[in-house]
Each structure stands twice: as structure tokens, then as C-alpha cells.
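Given next are the chains, with one letter for each unit.
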Amino acid sequence: MLAAFAALAIRVVTEGRSALATGDDWMTRGKPAEAIRAFEASARWYLPLAPHVDDAYGRLRALTKSEDPRLALAAWRSIRNAARATRTLWTPHTDDLAAADEAIAKLATADPEGAPIGDPAAGVDAAGRQAWHQARLSRDSRPSHGAAALAALGIVLWIGGALLLARRGVSDAGALVRRPALVAAAAIVVGLVCWAAGLYNA
């Protein structure tokens, strides 16, 4: 098990460093848009304390200061994408994510192609449009931790009940063994209920 985790960690770091180097190469060739994509890929190869992750975010933050608003917007969006893609029970680089949401809302408001002028939910002035963008960006489409945990518990109970039924709930002669069979059936039913409830409330 430890060997498998070590191999996975080595691959994550190797791929992250490779993507970072690719981004640096694109920058030396004067291709910042391609570099942004490579830096985002590097940040997505997330491992706690891996140096390439912070380096990738640093390069993206530098590109958000571009005088080209579209390039700056692309860099902010890559920061946001990377931070949201690497969320689990916690969100790495929460400050970067919050800064990206705020900056994207401002830049999108100033962009005549991105500002939802005329949308009833957006308002007619710049402040209203920015608030509209900010609200959309702050939405969290992931299931809640409680719903995810409930669904995961349901799967564990379901599988555990099935294993119990197969191993102890049936005798060698093929007859049901009452007590373990009932326990297994209860675990399967409760597991299915928990799984369905978790998905419904996701």
C-alpha cells in the first residue's frame, strides 16, 4: 500500500514539474496563452507541500498583471479552475480562489461581451452586473460534505452487507443462515437508503 502511494506521489510531482517546465518554455517563446494552460495543468497536479504547485500559482498570478485584459482574465480563470479542481474535504489555495472570483467578476463586468446587460437578475449598472457575476462565481456545485459522506457510508454498508451475506449468510448446503442473513439484509437496505439519500441531497 505504501509503495502504491509513493509511486502515485512520484508521478504527481513528475507530471507537475513537467507541466511547469512546459509553461516556462512557452513563455520564453512568447506564447503566454499556451503558458497559462500549462501552468494550470501543473497546479492541477496537486500534492500537499509539492513545490511545483506554489510555483505554478505564482506564475499565473504574475500573468494576471498583464496589460492585456483578456490574458489577465485567462490567468485568473486558470487559477480558479485549478483551485476548484483540486478540492477534496478542503480547498487548497483558498485565498487565490477568492481573489480569482473577485477579479473575474470585475473583468467580466468591464467586458462588453461578458457583461449580462439587460439580464433582469444583473441590474442595469456596473455594480449590479459585478454582483451578478460574483454570485455566479461563488456558487459551489459540489455535493455537500454531509451528502457525500452519507452516500459513501451507504456504499460501504451495501458492499459490507453483500459480503456478509455471501460469507456467513448462506450455509455450505445453500440454505440461509437466519441471523447473519438478517443482519446482512438490514445492512444492504440501510446502505441503499443512505446512498440514495446522499445522492438526492447532493
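Rules used throughout
- Residues numbered from 1 in each chain as written.
- Predicted model: local features only at pLDDT ≥ 70, side-chain atom pairs only at ≥ 80, totals over all residues.
- Heavy atoms only, no water.
- Helix = DSSP H or I, 4+ residues; strand = E, 2+ residues; numbered from the N terminus.
- Buried < 20%, exposed > 50% of the residue type's maximum accessible area, 1.4 Å probe, protein only.
- Areas by Shrake-Rupley, 256 points an atom, 1.4 Å probe, with all protein chains shown as cover.
- Salt bridge = Lys/Arg side-chain N within 4 Å of Asp/Glu carboxyl O.
- Core = buried A, V, L, I, M, F, W, Y, C linked by side-chain atoms within 4.5 Å.
- Contact = heavy atoms within 4.5 Å.
- Axes fitted to C-alpha atoms, helices over the stretch in contact; angles between N-to-C directions.
- Parallel < 35°, antiparallel > 145°, perpendicular 65-115°, else oblique.
- Left-handed = near helix turned anticlockwise from the far one by under 90°.
- Nonpolar A, V, L, I, M, F, W, Y, C, P; charged D, E, K, R; others polar.
- Phe/Tyr/Trp six-rings, centres within 6.5 Å; stacked < 30°, edge-to-face > 60°.
- Lys NZ or Arg CZ within 6 Å of the ring centre and 35° of its normal.
- Polar contact = N/O pair within 3.5 Å; in protein donor to acceptor, adjacent residues only side chain to side chain.
- Patch = residues over 30% accessible without salt bridge, like charges linked within 9 Å, V, L, I, M, F, W, Y side chains within 5 Å.

**Focus on the overall build of the protein chain**
The number of helices and strands found in the protein chain is eight helices and zero strands. Beginning at the N terminus, the succession of helices and strands in the protein chain can be written as α-α-α-α-α-α-α-α. Counting the 202 residues in the protein chain, one finds 32% classified as buried. Accessible surface computed for the protein chain: about 12500 Å², of which carbon and sulfur atoms make up 62%.

**Looking at the environment of Ala105**
Mapped onto the secondary structure, Ala105 falls in helix 5 (residues 94–110). A C-alpha to C-alpha distance of 9.6 Å links Ala105 and Leu73, two positions 32 residues apart in sequence.

**Describing the pattern of salt bridges**
Summed over all chains, the structure comprises six salt bridges. Put simply, Arg59 and Asp24 hold a salt bridge, and the shortest N to O gap is 2.7 Å. Of the two residues, Arg59 sits in helix 3 (residues 51–63) while Asp24 sits in helix 1 (residues 2–28), which places them 35 residues apart along the sequence. Arg59 sits in the partly exposed class, given a relative accessible area of 28%. Among the residues examined, Asp24 registers a relative accessible area of 28% and is labelled partly exposed.

**With respect to the nonpolar core**
Counting residues in each nonpolar core, the largest one holds 22 residues, and the members touching the most others are Ile36, Phe39, Tyr57, Trp76 and Ile79. Elements with a contribution of two residues or more to this core: helix 2 (32–44), helix 3, helix 4 (69–85) and helix 5. Apart from the residues within four sequence positions on either side, Phe39 is in contact with Leu20, Gly23, Asp24, Met27, Ala56, Arg59, Leu60 and Leu63.

**So, the packing of helix 2 against helix 3**
Across the interface, helix 2 lies against helix 3 with an axial gap of 8 Å and an inter-helix angle of 150°. On the basis of their axis angle, the class for helix 2 and helix 3 is roughly antiparallel. Note that helix 2 runs across helix 3; the crossing there is left-handed. Contacts between helix 2 and helix 3 pair Pro32, Ile36, Phe39, Glu40, Ser42 and Ala43 from the former with His52, Val53, Ala56, Tyr57, Arg59, Leu60 and Leu63 from the latter.

**Digging into the packing of helix 2 against helix 4**
It is the contact of helix 2 with helix 4, at a shortest axis distance of 9 Å, that shows an interaxial angle of 15°. It follows that helix 2 is roughly parallel to helix 4 by the angle criterion. Classified by chirality, the crossing of helix 4 by helix 2 is right-handed. Touching Pro32, Ala33, Ile36, Glu40, Ala43 and Arg44 of helix 2 are Leu71, Ala74, Ala75, Ser78, Asn81, Ala82 and Ala85, all from helix 4. Classifying every residue of the contact of helix 2 with helix 4 gives nine nonpolar, two polar and two charged.

**Section: the packing of aromatic side chains**
Throughout the structure, instances matching the rule amount to zero aromatic pairs. Lying over the aromatic face of Trp26, Arg29 brings its terminal NZ or CZ to 4.4 Å of the ring centre.

**A closer look at the side chain of His52**
Assignment of secondary structure puts His52 in helix 3. A distance of 2.6 Å separates a polar atom in the side chain of His52 from the backbone oxygen of Trp45. Residues within four places of His52 in sequence aside, it is in contact with Val12, Val13, Gly16, Arg17, Leu20, Ser42 and Trp45.

**Some remarks on a nonpolar patch on the surface**
On the surface, a cluster of nonpolar side chains totalling about 520 Å² of accessible area is made up of Ile155, Trp158, Ile159, Leu163, Leu192 and Trp195. Considering each element in turn, the nonpolar patch owes the most residues, four residues, to helix 7 (residues 145–167). Within the secondary structure, Ile155 sits in helix 7. Overall, Ile155 belongs to the partly exposed group, its relative accessible area being 37%.

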